[in-house]
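If you want the building blocks of each chain, they are given just below.
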Amino acid sequence: MLGDREHWTNRLGFILAAAGSAVGLGNIWRFPYVTGVNGGAAFIVIYLITIIIIGYPMMVTEMALGKKTQKNPVGAFKAMAPNSPWWLVGALGVFTGFVILSYYSVVAGWSLAYIFRALAGFAPDMDFVSIFYTTIGVDIGEGPNIISPLIWHLIFMALTVGIIAAGVVKGIQRWVKILMPILLILLLILVVRAVTLPGASAGLAFYLSPDFSEVTGRTFLDAIAQSFFTLSLGMGAILTYGSYLSKETTIGDNGGWVVGLDTGIAIIAGFAIFPAVFALGMEPGAGPGLTFITLPAVFAELPGGTFFGFLFFLLLSIAALTSAISLLEVVTAWLVDEKGWARSRAAILMGVIIFLVGIPPSLGYNVLGGFSFLGMDVLDTYDWFANALFLPIGGLLTAIFVGYVWQAKKAQEFANDPPGSIRIGDWYGFLIKYIVPLAIIVVLIAGLIDTFGG
Ligand code: TRP
C-alpha cells in the first residue's frame, strides 16, 4: 500500500503543481527571446518537435519513477537498484536543486523588489539602468546597495519555506491552486494590453515571422536545451512531485497536460512582451536586461503603465515562487524520507542554508564584484554549473537508468497502468534509449565547447 505518505487529493492539484514548477523565468523571458532570435515561427516548429520527442518522454519517465517508488530522488534510485551506485544520480538531483534554488531566489528577490518599484511608478525620464543596478546592488555613486537585495532574497526564501513546511496538500497543492489561475489571468491581461497597442504588429513580426535563414545547428541545440530547462527536467523535481501520485492516476495524460500548459504559457508570454517592446520603439535585449531594464522603460511609456508594470512583476514573482517550491521540495523530501526528519524542520533548516549559499551570488554585484570564472560573475557561475553540467548529466543518467536498468518496456507498462487517453506506445522505448541520451550528449558537448573552446 501507499502507507502514510501524503498524496495530491486530486488530479488538478498535481497538474498545477508540476506546471507551476515548469512555468518560470524560462517561460516569461527566455522562451520569447530565444524564439525571436532563432527565426520566430520556424523556431517554434522545431521547438514543438523537441518537446514531443525529448521533453514529453522525459516528463513521463520522471513521473513514472516517482509514482512507482513513492520516494525522493535518492530513495527512488535506491528502491529501483538496491546496492548499486545509481542512488548517486538522485543525490546529484538533490544537490542541483539546492544550487539552483540558491540563485533562483536571488533573481526572484529582484522581481519582488520590482513589484514595489512599479507601484511607486515608472516615469519616462527615469534611468532604468541605474534602477536595475541599485536593485541588484551595484554601486552607482552612493556606495553599493548590499543589504536590500539580500533582504528580498530572504523574503523570497521565507515564502518558499512557508509553503513547503505546510505540507504537500496544505502547502503546495493549496497554493498552486490559488497562484496558477492568477498567473494565467495576469498573463492574459498583459497579452490583451500588448497586442492592442498601436504598432504592435512590428513585435508580432519579430516574434513570429518564420525566417528559415536563421535556422542553423545552433537553433536545434537551443530548442533541446530550452525544452529541458523549461520542463524542470533532469534533477528529480518532477520525480518528487510524481512520488505524491496515487495508484489510480494516469501518467500519459498528466504528462500531456503539464507539457501542454508549459508550452502554451511560453508561447503566450511572447505575445505579451514583443508587441509592447516594438510598439514603444525599443530594442528587445536578452536575459535580465530585457526583463528589468527594457520592460520598465516600456511600462513608463505605456498608458496605465504603473498598473501593467505591477501586474507583470507580480506575474514573474508568482512564476518564480511556484518553481522555487518544487526545488525546495526535492531537498525536503530527501531529508524526510531518507533521514526521518520532520517536514517543517527539514524545510526551515534547508531554507536557511540555501539562503546562506545564495549570499555569494547576491554579493557578486558589490563585495564579490571582483570574482570571475571564465568571465562570469558568481550568479552566472552557479547557473552555468547547474544548467550546462548538472541538469544534462542528471537527465542523461536518468534516461539511461530507465531505458536499460529498469527497462523501457517495464516503465512503459507501468506508465500505461491505469491506461489514460494518451497511450505510451513502443515509441517510448526508442526515444528514451536512443534519441533522448543522444540529444543530451550533443547538447552537453556543444555547451562545453561553447564555454571552453570559443
Ligand atoms: N522550469 C523553470 C523555468 O522555466 C526552471 C527550472 C529548471 C526548474 N529546472 C528546474 C524549476 C527544476 C524547478 C525545478 O524557469
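Relevant structure appears above.
Everything quoted here is computed from the prediction, not taken from an experiment.

Draft legend 1. Layout of the site of the ligand. Around the ligand, a shell composed of 15 residues is seen, among which A22, L25, G26, Y104 and F229 lie nearest. At 3.1 Å from a nitrogen atom of the ligand is found a side-chain nitrogen or oxygen belonging to S232. Taken by itself the ligand offers 360 Å² of open surface, and the protein chains cover 100% of this. Classifying every residue of the shell around the ligand gives seven nonpolar, eight polar and no charged.

Draft legend 2. Focus on the side chain of T263. Within the element layout of this structure, T263 appears in helix α12 (residues 251-279). There is a polar contact of 2.8 Å between the side chain of T263 and the backbone oxygen of V259. Non-local contacts of T263, meaning those with residues more than four positions away in its chain, are made with Y47, L48 and I51.

Draft legend 3. Region of interest: the nonpolar core. Membership of the largest hydrophobic core comes to 146 residues, with the highest contact counts inside it found for W8, W110, F312 and F313. Among the elements that take part in this core, helix α14 (residues 305-339) stands out by supplying 18 residues, more than any other. Those residues in contact with F313 that sit more than four places away from it in its chain are S111, Y114, I115, F122, T291, F292, P296 and F299. One finds M376, W384, L389 and F390 within the second-largest nonpolar core, a separate group that totals five residues.

Draft legend 4. Region of interest: the packing of aromatic side chains. Per the stated rule, a full pass over the model turns up 37 aromatic pairs. With 5.5 Å between their ring centres and 25° between their planes, F116 and W152 make a pair best called stacked. Taken together, the residues F116 in helix α5 (residues 87-120) and W152 in helix α7 (residues 147-165) connect sequence positions 36 residues apart. Ring centres of F385 and F390 lie 6.2 Å apart, and the angle between their planes is 40°; on these two criteria the pair is classed as tilted. Members of the aromatic cluster, connected to one another through ring pairs, are W110, Y114, F122, F128, F132, Y133, F292, F299, F312, F313 and Y365. The lysine or arginine in question, K67, covers the ring of F414, its NZ or CZ lying 5.5 Å from the ring centre. Seen from the ring of W341, R345 lies directly overhead, with NZ or CZ sitting 4.1 Å from the centre.

Conventions adopted
Residues numbered from 1 in each chain as written. Predicted model: local features only at pLDDT ≥ 70, side-chain atom pairs only at ≥ 80, totals over all residues. Heavy atoms only, no water. Near = heavy atom within 4 Å. Polar contact = N/O pair within 3.5 Å; in protein donor to acceptor, adjacent residues only side chain to side chain. Areas by Shrake-Rupley, 256 points an atom, 1.4 Å probe, with all protein chains shown as cover. Nonpolar A, V, L, I, M, F, W, Y, C, P; charged D, E, K, R; others polar. Helix = DSSP H or I, 4+ residues; strand = E, 2+ residues; numbered from the N terminus. Contact = heavy atoms within 4.5 Å. Core = buried A, V, L, I, M, F, W, Y, C linked by side-chain atoms within 4.5 Å. Buried < 20%, exposed > 50% of the residue type's maximum accessible area, 1.4 Å probe, protein only. Phe/Tyr/Trp six-rings, centres within 6.5 Å; stacked < 30°, edge-to-face > 60°. Lys NZ or Arg CZ within 6 Å of the ring centre and 35° of its normal.

Distances and angles like these do not, on their own, reveal function.
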